[in-house]
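Listed below, chain by chain, are the residues.
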Amino acid sequence: MCAGVLAGGLGALLGIGGGVFLVPFLNSIVGVPIKIAIATSLMTVIATSSAVSAGTAGRNLINLRLGMLLEVASAAGGVAAGVAFQHLTERLLFMGFAAVTALIAVLMLTRLDRRNILDAAVDPGTLGGRYFDEESQRPVVYRVKRLPVAVTASVAAGVISGSLGIGGGILKVPMLNAWCGVPMRAAAATSALMIGVTALASVPIQYAHGFIQPPLGAAAVLGVLVGSRAGLRFAGRARSRSVKLLMAVVLMLVSTVYFFKI
Amino acid sequence: MTTSTDTLLGLEHRLGRVFVAGLTISASALSIGLAAYLLLPDSRLPTLLLNGGLAVLMATPLLRVVVSIVEYFRLRDWFFVITTIAVLAELMVTMIYALTRR
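Computed from a predicted structure; not experimentally measured.

Draft legend 1. Geometry of the overall build of chain A. A count of helical and extended segments in chain A gives 11 helices and 2 strands. Each of the 262 residues in chain A was classed as buried or not, and the buried ones make up 64%. Long-range pairs, those at least 24 residues apart, make up 79% of the contacts in chain A between residues at least 6 apart in sequence. Carbon and sulfur atoms provide 66% of the accessible area of chain A, an area that totals close to 9000 Å².

Draft legend 2. A look at the packing of helix H2 (residues 45-75) of chain B against helix H3 (residues 78-101) of chain B. Residue and element names in this part refer to chain B. For the pair H2 and H3, interaxial distance at closest approach is 9 Å and the crossing angle is 150 degrees. If you check the angle between H2 and H3, you find them roughly antiparallel. As H2 packs across H3, the resulting crossing turns out to be left-handed. Between H2, through Leu62, Val65, Val66, Ser68, Ile69, Tyr72 and Phe73, and H3, the contact on the second element is made entirely by Trp78, Phe80, Val81, Thr84, Ile85, Val87, Leu88, Leu91, Met92 and Met95. Its residues placed into classes, the contact of H2 with H3 shows 15 nonpolar, 2 polar and no charged.

Draft legend 3. Just the packing of helix H8 (residues 184-200) of chain A against H2 of chain B, in detail. In contact at an axis separation of 9 Å, H8 of chain A and H2 of chain B are set at 115 degrees when each is read in the N-to-C sense. As summarised for this structure, H8 of chain A and H2 of chain B are arranged roughly perpendicular, according to the angle between their axes. The hand of the H8 of chain A/H2 of chain B crossing is left-handed. Seen from H8 of chain A, the contacting residues are Leu193, Gly196, Val197 and Leu200 of chain A; seen from H2 of chain B, they are Met58, Pro61, Leu62, Arg64 and Val65 of chain B. Of the residues assigned to the contact of H8 of chain A with H2 of chain B, the class counts are 7 nonpolar, 1 polar and 1 charged.

Draft legend 4. Representation of the interface of chain A and chain B within the structure. Counting residues at the interface gives 46 residues for chain A, matched by 43 residues for chain B. Interface area for chain A against chain B, summed over the two sides, is near 3900 Å², with a carbon-plus-sulfur share of 77%. At the junction of chain A and chain B, the tally comes to 2 salt bridges. Here Glu71 of chain A makes a salt bridge to Arg64 of chain B, at a shortest N to O gap of 3.4 Å. The tally of links between chain A and chain B comes to 5 residue pairs in polar contact (both at pLDDT 80 or more). Counting only elements with at least two residues in the side of chain A that touches chain B, the list comes to helix H3 (34-56), helix H4 (64-84), H8, helix H9 (203-208) and helix H10 (214-235) of chain A. The element contributing the most residues to the side of chain A that touches chain B is H4 of chain A, with 10 residues. Taken together, the residues that form the side of chain A that touches chain B break down as 33 nonpolar, 10 polar and 3 charged.

Draft legend 5. Structural view of the environment of Ala218 of chain A. Inspection of the secondary structure assignment puts Ala218 of chain A in helix H10. Owing to a relative accessible area of 0%, Ala218 of chain A belongs among the buried residues under this scheme. C-alpha separation for the pair Ala218 of chain A and Ala153 of chain A, spaced 65 residues apart in sequence, amounts to 31 Å. With residues near it in sequence (within four places) discarded, Ala218 of chain A still touches Leu30, Leu34 and Leu50 of chain B.

Draft legend 6. Here's a closer look at empty space enclosed by the protein. All told, the structure shown has 2 cavities of 30 Å³ or more when counted by the stated rule. Its boundaries defined by the atoms lining it, the second largest cavity holds a volume of some 40 Å³. Lining the second largest cavity are 10 residues, and of these Ile62 and Leu193 of chain A together with Glu12, Leu15 and Phe19 of chain B lie nearest its centre. Element by element, the count of residues in the lining of the second largest cavity is highest for helix H1 (residues 5-39) of chain B, at 4 residues.

Draft legend 7. Region of interest: the confidence of the model for chain A. Residues and elements named next belong to chain A. Taken residue by residue, chain A gives an average pLDDT of 78. The fraction at 70 or more is 74%. Mean pLDDT values over the elements of chain A span from 50, in helix H1 (residues 2-14), up to 93, in H9. With pLDDT under 50 throughout, residues 11-17 is counted as low confidence; its partners more than four residues away or in other chains account for 34 contacts.

Cut-offs and rules
Residues numbered from 1 in each chain as written. Chains lettered and ligands numbered in written order. Predicted model: local features only at pLDDT ≥ 70, side-chain atom pairs only at ≥ 80, totals over all residues. Heavy atoms only, no water. Helix = DSSP H or I, 4+ residues; strand = E, 2+ residues; numbered from the N terminus. Buried < 20%, exposed > 50% of the residue type's maximum accessible area, 1.4 Å probe, protein only. Contact = heavy atoms within 4.5 Å. Areas by Shrake-Rupley, 256 points an atom, 1.4 Å probe, with all protein chains shown as cover. Axes fitted to C-alpha atoms, helices over the stretch in contact; angles between N-to-C directions. Parallel < 35°, antiparallel > 145°, perpendicular 65-115°, else oblique. Left-handed = near helix turned anticlockwise from the far one by under 90°. Nonpolar A, V, L, I, M, F, W, Y, C, P; charged D, E, K, R; others polar. Buried area = accessible area lost by both parts, 1.4 Å probe. Salt bridge = Lys/Arg side-chain N within 4 Å of Asp/Glu carboxyl O. Polar contact = N/O pair within 3.5 Å; in protein donor to acceptor, adjacent residues only side chain to side chain. 1 Å grid on protein atoms, 1.4 Å probe; cavity = no way out; pocket = protein on both sides within 12 Å on 5 of 7 lines; lining within 4 Å. Points joined across faces, edges and corners; volume = space filled by probe spheres on them. pLDDT = per-residue confidence, 0-100.

So this is what it looks like as structure tokens:
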């Protein structure tokens, strides 16, 4: 329950779901088998996604057009991972965890000061967007670059989401931010909307295979819901740079832990 | 036709309400279910409430997708109609696979 609260807070803040913190906590500290930890975490990803999307709705941070397009790709990855999940070995899952978290941490650290914001008069194009930034107190406009890259990475994010239980936003937020020109906060809000549907593409299969224990799932979901409320309140004020730095440090830690488990 | 930002913002607001309703129902069922699980471990009630709560949780994003298809169809925004139907089809594959494996 406490892990759920903590993971939910950090997850909402970063728009990546709480899974990246919850899976290692349930698996390494509480001692839950890795596959049950992953399925439980994926269930909380749906809760985080719904809670964050309800909270950010109407602030124009969510890029619906881009989100729906990428959702087609990430849900396809999610379905594939859901079907393959019961055949994956624990060792493979540990390796996946160590590799993915290290990769994203490096990506975040190399792009700490990237802003991706254009002059307010620029036309954002079909897939771009504009919103009012609370930090700088001015409107923000951005264009979406390298769409094929975003679509490919979304499929990968769906596969990673369904097999590692970490939301997939962990890949999508840095990708949208670093490669596709979407500002951090819009990337996080758009990703938070997408991860629920991506998780839903694999969770029912894991549920049917018995990888979700209802009492554990309920405790985790409730904890994450409480935590994500706190995180969301903080997210509007936190600086993008410290958000990225916090994300990178936590990811490096998780990666190290799982590297030594292989 | 491309829908204006204001129309989309209104839709986003309404979709936000779907999330709030789904979460409220699900969180209530899960809290009561968890309490019942601790207090009455032999009863069937906690199992029913816990599984029901998780089912509502999973149904919420699904409902969001279905509501969006209807809304986008009404707006005649074919980009959204096509992408949203594609997403729904993928989720249906998962549901059918899960139900046939039980």
